[in-house]
Amino acid sequence: MTQHNRPTFRTALSNRMIQMTLGAFAFIAAAAGTALAVQAPAAVTTTDKSAIEKIVHDYILEHPEIIPQAIERLQAKRMSSTIADNRMALEKPYAGAWEGAANADVTVVEFFDYACGYCRASLPDLAKLVGSDAKVKIVYRELPILSEESSDAAKVSLLAAERGQYMAYHKALYGAGKVTRDTIVAAAAKAGISKADAEAAMASSKYDAEIQSNIALAQKLQASGTPTFVIGDQVLNGAVGFDALKSGVAAARGK
(Lines give C-alpha, C1' and ligand atoms only; values in the text may rest on other atoms or scores of the structure.)
Protein backbone atom coordinates (compact mmCIF):
# COMPACT_ATOMS: atom_id res chain seq x y z
CA MET A 1 0.00 0.00 0.00
CA THR A 2 1.25 3.46 -0.72
CA GLN A 3 1.81 6.14 1.87
CA HIS A 4 -1.13 8.00 0.33
CA ASN A 5 -3.71 5.37 1.30
CA ARG A 6 -3.00 5.26 5.03
CA PRO A 7 -3.72 8.93 5.83
CA THR A 8 -6.72 8.82 3.49
CA PHE A 9 -8.14 5.94 5.55
CA ARG A 10 -7.71 7.84 8.83
CA THR A 11 -9.03 11.12 7.42
CA ALA A 12 -12.17 9.37 6.24
CA LEU A 13 -12.72 7.97 9.74
CA SER A 14 -12.35 11.43 11.28
CA ASN A 15 -14.81 12.94 8.82
CA ARG A 16 -17.29 10.15 9.53
CA MET A 17 -17.18 10.87 13.28
CA ILE A 18 -17.90 14.54 12.64
CA GLN A 19 -20.88 13.56 10.49
CA MET A 20 -22.08 11.18 13.22
CA THR A 21 -21.98 13.93 15.86
CA LEU A 22 -23.92 16.34 13.64
CA GLY A 23 -26.39 13.58 12.91
CA ALA A 24 -26.90 13.00 16.62
CA PHE A 25 -27.84 16.63 17.15
CA ALA A 26 -30.37 16.33 14.34
CA PHE A 27 -31.67 13.13 15.95
CA ILE A 28 -32.11 14.91 19.30
CA ALA A 29 -33.85 17.84 17.67
CA ALA A 30 -36.23 15.60 15.73
CA ALA A 31 -37.07 13.57 18.83
CA ALA A 32 -37.64 16.68 20.90
CA GLY A 33 -39.78 18.18 18.17
CA THR A 34 -41.96 15.08 18.07
CA ALA A 35 -42.37 15.09 21.83
CA LEU A 36 -43.23 18.76 21.77
CA ALA A 37 -45.93 18.25 19.18
CA VAL A 38 -47.54 15.66 21.47
CA GLN A 39 -47.01 17.25 24.88
CA ALA A 40 -46.78 21.04 24.42
CA PRO A 41 -49.74 23.29 25.23
CA ALA A 42 -51.93 24.41 22.37
CA ALA A 43 -50.29 27.86 22.36
CA VAL A 44 -47.04 26.28 21.17
CA THR A 45 -47.58 24.35 17.94
CA THR A 46 -45.20 22.56 15.59
CA THR A 47 -45.37 25.55 13.28
CA ASP A 48 -43.88 27.82 15.93
CA LYS A 49 -40.31 27.13 14.80
CA SER A 50 -38.54 29.62 17.04
CA ALA A 51 -40.32 28.36 20.16
CA ILE A 52 -39.49 24.75 19.33
CA GLU A 53 -35.83 25.57 18.72
CA LYS A 54 -35.57 27.41 22.04
CA ILE A 55 -37.16 24.56 23.99
CA VAL A 56 -34.85 22.01 22.33
CA HIS A 57 -31.83 24.25 22.93
CA ASP A 58 -32.68 24.74 26.61
CA TYR A 59 -33.44 21.06 27.14
CA ILE A 60 -30.09 19.97 25.70
CA LEU A 61 -28.23 22.48 27.90
CA GLU A 62 -30.06 21.21 30.98
CA HIS A 63 -29.59 17.54 30.05
CA PRO A 64 -26.22 17.24 28.22
CA GLU A 65 -26.07 13.55 29.13
CA ILE A 66 -28.52 12.81 26.32
CA ILE A 67 -25.93 13.76 23.69
CA PRO A 68 -23.66 10.67 24.07
CA GLN A 69 -26.77 8.53 24.52
CA ALA A 70 -28.20 9.86 21.27
CA ILE A 71 -24.88 9.41 19.45
CA GLU A 72 -24.64 5.79 20.65
CA ARG A 73 -28.22 5.02 19.62
CA LEU A 74 -27.83 6.69 16.24
CA GLN A 75 -24.52 4.96 15.61
CA ALA A 76 -25.94 1.52 16.43
CA LYS A 77 -28.91 2.10 14.14
CA ARG A 78 -26.79 3.31 11.25
CA MET A 79 -24.20 0.57 11.77
CA SER A 80 -26.82 -2.15 11.62
CA SER A 81 -28.09 -0.71 8.36
CA THR A 82 -24.58 -0.37 6.91
CA ILE A 83 -23.71 -3.97 7.76
CA ALA A 84 -26.97 -5.21 6.23
CA ASP A 85 -26.26 -3.26 3.02
CA ASN A 86 -22.75 -4.75 2.77
CA ARG A 87 -23.38 -8.21 4.20
CA MET A 88 -22.49 -10.14 1.05
CA ALA A 89 -19.28 -8.18 0.44
CA LEU A 90 -18.24 -8.66 4.06
CA GLU A 91 -18.99 -12.34 4.50
CA LYS A 92 -17.93 -13.69 1.11
CA PRO A 93 -14.24 -14.57 1.54
CA TYR A 94 -11.52 -14.04 -1.00
CA ALA A 95 -10.90 -17.60 -2.25
CA GLY A 96 -9.75 -19.65 0.77
CA ALA A 97 -9.27 -16.75 3.22
CA TRP A 98 -11.46 -18.33 5.89
CA GLU A 99 -11.64 -21.14 8.44
CA GLY A 100 -14.34 -22.96 10.35
CA ALA A 101 -17.70 -24.24 9.16
CA ALA A 102 -18.46 -24.18 5.46
CA ASN A 103 -22.19 -24.00 6.23
CA ALA A 104 -22.00 -21.70 9.24
CA ASP A 105 -24.99 -20.06 10.87
CA VAL A 106 -22.82 -17.13 12.08
CA THR A 107 -19.89 -15.58 10.24
CA VAL A 108 -17.26 -13.56 12.09
CA VAL A 109 -15.35 -11.14 9.87
CA GLU A 110 -11.93 -9.90 10.97
CA PHE A 111 -10.19 -6.92 9.38
CA PHE A 112 -6.51 -7.33 10.29
CA ASP A 113 -2.95 -6.27 9.56
CA TYR A 114 -0.03 -8.70 9.82
CA ALA A 115 2.04 -5.95 11.48
CA CYS A 116 -0.59 -5.51 14.21
CA GLY A 117 0.35 -6.98 17.58
CA TYR A 118 -3.27 -6.91 18.75
CA CYS A 119 -4.25 -8.98 15.71
CA ARG A 120 -1.56 -11.49 16.63
CA ALA A 121 -2.88 -11.57 20.20
CA SER A 122 -6.39 -12.31 18.87
CA LEU A 123 -5.26 -15.37 16.92
CA PRO A 124 -5.69 -17.86 19.82
CA ASP A 125 -9.10 -16.37 20.66
CA LEU A 126 -10.31 -17.01 17.11
CA ALA A 127 -8.82 -20.51 17.14
CA LYS A 128 -10.65 -21.21 20.41
CA LEU A 129 -13.90 -19.86 18.97
CA VAL A 130 -13.70 -22.07 15.89
CA GLY A 131 -12.62 -25.05 17.95
CA SER A 132 -15.50 -24.70 20.41
CA ASP A 133 -18.32 -23.84 17.96
CA ALA A 134 -18.94 -26.11 14.98
CA LYS A 135 -21.30 -23.60 13.31
CA VAL A 136 -18.99 -20.56 13.15
CA LYS A 137 -16.97 -19.36 10.17
CA ILE A 138 -14.13 -16.81 10.36
CA VAL A 139 -13.62 -14.69 7.25
CA TYR A 140 -10.29 -12.86 7.15
CA ARG A 141 -10.05 -9.52 5.36
CA GLU A 142 -6.63 -7.95 4.86
CA LEU A 143 -6.44 -4.32 5.98
CA PRO A 144 -2.74 -3.44 5.57
CA ILE A 145 -2.61 0.10 6.97
CA LEU A 146 0.42 0.03 9.28
CA SER A 147 3.42 -0.32 6.95
CA GLU A 148 4.65 -1.11 3.47
CA GLU A 149 5.51 -4.61 4.71
CA SER A 150 1.86 -5.00 5.74
CA SER A 151 0.87 -4.62 2.11
CA ASP A 152 3.50 -7.12 0.95
CA ALA A 153 2.30 -9.62 3.56
CA ALA A 154 -1.33 -9.14 2.51
CA LYS A 155 -0.56 -9.80 -1.15
CA VAL A 156 1.19 -13.08 -0.36
CA SER A 157 -1.70 -13.92 1.96
CA LEU A 158 -4.17 -13.55 -0.91
CA LEU A 159 -1.94 -15.73 -3.10
CA ALA A 160 -2.03 -18.36 -0.36
CA ALA A 161 -5.83 -18.05 -0.25
CA GLU A 162 -5.99 -18.83 -3.96
CA ARG A 163 -3.87 -21.93 -3.47
CA GLY A 164 -5.70 -23.33 -0.46
CA GLN A 165 -2.73 -22.59 1.82
CA TYR A 166 -4.18 -19.59 3.65
CA MET A 167 -4.22 -20.68 7.29
CA ALA A 168 -0.78 -22.30 7.02
CA TYR A 169 0.69 -19.00 5.82
CA HIS A 170 -1.44 -16.93 8.22
CA LYS A 171 -0.24 -18.80 11.31
CA ALA A 172 3.36 -19.05 10.11
CA LEU A 173 3.68 -15.31 9.53
CA TYR A 174 2.11 -14.38 12.86
CA GLY A 175 4.44 -16.86 14.51
CA ALA A 176 7.47 -15.26 12.87
CA GLY A 177 7.28 -12.01 14.84
CA LYS A 178 8.10 -8.74 13.06
CA VAL A 179 6.85 -8.53 9.49
CA THR A 180 9.69 -8.13 6.99
CA ARG A 181 10.24 -9.34 3.45
CA ASP A 182 12.40 -12.14 4.87
CA THR A 183 9.74 -13.35 7.36
CA ILE A 184 7.07 -13.10 4.64
CA VAL A 185 9.12 -15.30 2.32
CA ALA A 186 9.89 -17.73 5.16
CA ALA A 187 6.21 -18.01 6.14
CA ALA A 188 5.28 -18.56 2.50
CA ALA A 189 7.84 -21.37 2.28
CA LYS A 190 6.31 -23.05 5.36
CA ALA A 191 2.95 -22.92 3.58
CA GLY A 192 4.42 -24.46 0.42
CA ILE A 193 4.82 -21.27 -1.63
CA SER A 194 8.16 -20.72 -3.35
CA LYS A 195 10.28 -17.62 -2.81
CA ALA A 196 9.87 -16.69 -6.47
CA ASP A 197 6.08 -16.88 -6.27
CA ALA A 198 6.00 -14.89 -3.04
CA GLU A 199 8.19 -12.15 -4.47
CA ALA A 200 6.11 -12.04 -7.63
CA ALA A 201 2.95 -11.58 -5.57
CA MET A 202 4.52 -8.72 -3.61
CA ALA A 203 5.50 -6.97 -6.84
CA SER A 204 2.14 -7.55 -8.51
CA SER A 205 -0.82 -5.18 -8.68
CA LYS A 206 -3.19 -8.15 -9.01
CA TYR A 207 -4.38 -7.93 -5.41
CA ASP A 208 -4.72 -4.14 -5.18
CA ALA A 209 -8.44 -4.19 -5.99
CA GLU A 210 -9.18 -6.63 -3.14
CA ILE A 211 -7.16 -4.59 -0.65
CA GLN A 212 -8.80 -1.33 -1.73
CA SER A 213 -12.21 -2.98 -1.44
CA ASN A 214 -11.39 -3.98 2.14
CA ILE A 215 -10.28 -0.45 2.95
CA ALA A 216 -13.54 0.93 1.56
CA LEU A 217 -15.56 -1.55 3.63
CA ALA A 218 -13.60 -0.67 6.78
CA GLN A 219 -14.28 3.02 6.21
CA LYS A 220 -18.00 2.38 5.86
CA LEU A 221 -17.91 0.50 9.16
CA GLN A 222 -15.95 3.30 10.89
CA ALA A 223 -13.22 0.84 11.79
CA SER A 224 -10.83 2.59 14.17
CA GLY A 225 -7.93 0.31 13.33
CA THR A 226 -7.03 -3.36 13.54
CA PRO A 227 -8.33 -5.77 14.50
CA THR A 228 -11.95 -4.92 13.74
CA PHE A 229 -14.56 -7.66 13.99
CA VAL A 230 -18.02 -7.75 12.42
CA ILE A 231 -20.45 -10.20 14.01
CA GLY A 232 -24.14 -10.07 13.14
CA ASP A 233 -25.06 -6.39 13.21
CA GLN A 234 -22.23 -5.41 15.59
CA VAL A 235 -18.76 -4.00 15.01
CA LEU A 236 -16.17 -4.75 17.71
CA ASN A 237 -12.96 -2.73 17.66
CA GLY A 238 -9.69 -4.02 19.09
CA ALA A 239 -8.49 -7.25 20.66
CA VAL A 240 -11.77 -7.83 22.50
CA GLY A 241 -10.99 -11.36 23.70
CA PHE A 242 -12.69 -14.72 23.46
CA ASP A 243 -15.64 -13.93 25.75
CA ALA A 244 -16.66 -10.87 23.73
CA LEU A 245 -16.38 -12.80 20.47
CA LYS A 246 -18.46 -15.64 21.90
CA SER A 247 -21.08 -13.19 23.18
CA GLY A 248 -21.22 -11.53 19.76
CA VAL A 249 -21.84 -14.87 18.11
CA ALA A 250 -24.59 -15.70 20.63
CA ALA A 251 -26.26 -12.31 20.01
CA ALA A 252 -26.13 -12.80 16.24
CA ARG A 253 -27.51 -16.31 16.57
CA GLY A 254 -30.37 -15.09 18.77
CA LYS A 255 -31.72 -12.63 16.20
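What counts and what doesn't
- Residues numbered from 1 in each chain as written.
- Predicted model: local features only at pLDDT ≥ 70, side-chain atom pairs only at ≥ 80, totals over all residues.
- Heavy atoms only, no water.
- Pairing = 2+ DSSP bridges.
- Helix = DSSP H or I, 4+ residues; strand = E, 2+ residues; numbered from the N terminus.
- Axes fitted to C-alpha atoms, helices over the stretch in contact; angles between N-to-C directions.
- Contact = heavy atoms within 4.5 Å.
- Expected span 1.5 Å × (residues − 1).
- Parallel < 35°, antiparallel > 145°, perpendicular 65-115°, else oblique.
- Left-handed = near helix turned anticlockwise from the far one by under 90°.
- Nonpolar A, V, L, I, M, F, W, Y, C, P; charged D, E, K, R; others polar.
- Salt bridge = Lys/Arg side-chain N within 4 Å of Asp/Glu carboxyl O.
- Buried < 20%, exposed > 50% of the residue type's maximum accessible area, 1.4 Å probe, protein only.
- Phe/Tyr/Trp six-rings, centres within 6.5 Å; stacked < 30°, edge-to-face > 60°.

Structural notes on the sheet that holds strand β5 (residues 234-237)
Part 1: Here we have five strands laid out as an open sheet, ordered β1-β3-β2-β4-β5, and mixed in their pairing. Only two strands of the sheet have a single partner each, and these edge strands are β1 (98-100) and β5. Neighbouring strand axes in the sheet, compared pairwise and without regard to direction, differ in orientation by 20° on average.
Part 2: As defined by bridge partners, strand β4 (residues 228-231) adjoins β5 across four bridges and the pair is classed as antiparallel. Across the sheet, the residue bridging to phenylalanine 229 is leucine 236, located in β5.
Part 3: Against the sheet, helix α11 (residues 242-254) makes contact with β2 (106-112), β3 (136-142), β4 and β5, and its axis sits at roughly 25° relative to β4, the strand it touches most.

Re helix α5 (residues 117-132)
Part 1: Compared with the 22 Å implied by 1.5 Å per residue over 16 residues, the 24 Å span of α5 between its first and last C-alpha is a close match.
Part 2: Contacts from the buried residues of α5 go to β1, β2, β3, α7 (166-175), β4 and α11.

Comments concerning the packing of helix α6 (residues 148-162) against helix α8 (residues 181-190)
Part 1: Where α6 contacts α8, the two axes come as close as 10 Å, and the packing angle between them is 15°. In terms of orientation, α6 lies roughly parallel with respect to α8. Seen from above, α6 lies across α8 with right-handed handedness. Side by side, α6 and α8 meet where Glu149, Asp152, Ala153 and Val156 of the first sit next to Arg181, Ile184 and Ala188 of the second.
Part 2: Its residues assigned to classes, the contact of α6 with α8 comprises four nonpolar, no polar and three charged.

Some thoughts on the pattern of salt bridges
Where charged atoms from two side chains of opposite charge approach closely, those side chains can pair.
Part 1: One pass over the full model with this rule turns up nine salt bridges.
Part 2: Measuring nitrogen to oxygen at the nearest pair gives 3.1 Å for the salt bridge that ties glutamate 210 to arginine 141. Placement of glutamate 210 in helix α10 (residues 208-220) and of arginine 141 in strand β3 is noted, with a sequence separation of 69 residues between them.
Part 3: The exposure class of glutamate 210 is buried, given its relative accessible area of 15%.
Part 4: Overall, arginine 141 belongs to the buried group, its relative accessible area being 4%.

Concerning the packing of aromatic side chains
Part 1: Taken as a whole and assessed by the stated rule, the structure comprises seven aromatic pairs.
Part 2: With a centroid separation of 6.0 Å and an interplanar angle of 90°, the aromatic rings of phenylalanine 112 and tyrosine 140 are classed as edge-to-face. With phenylalanine 112 in strand β2 and tyrosine 140 in strand β3, this pair connects stretches of sequence that are 28 residues apart. An identical accessibility class is assigned to phenylalanine 112 and tyrosine 140; each is buried.
Part 3: An angle of 55° between the planes, with centres 6.3 Å apart, marks the rings of phenylalanine 112 and tyrosine 174 as tilted. Of this pair, phenylalanine 112 sits in strand β2 while tyrosine 174 sits in helix α7, and the two are 62 residues apart along the sequence.

Comments concerning unusual backbone geometry
Part 1: Here the amide bond leading from threonine 226 into proline 227 is cis, since omega sits at -5°, within 30 degrees of zero.
Part 2: For proline 227, the location among the structural elements is in the loop between α10 and β4.
Part 3: Positive phi, normally seen in glycine, also occurs at alanine 95, with a value near 50°.
Part 4: Looking at where alanine 95 falls in the secondary structure, it is placed in the loop between α4 (87-91) and β1.

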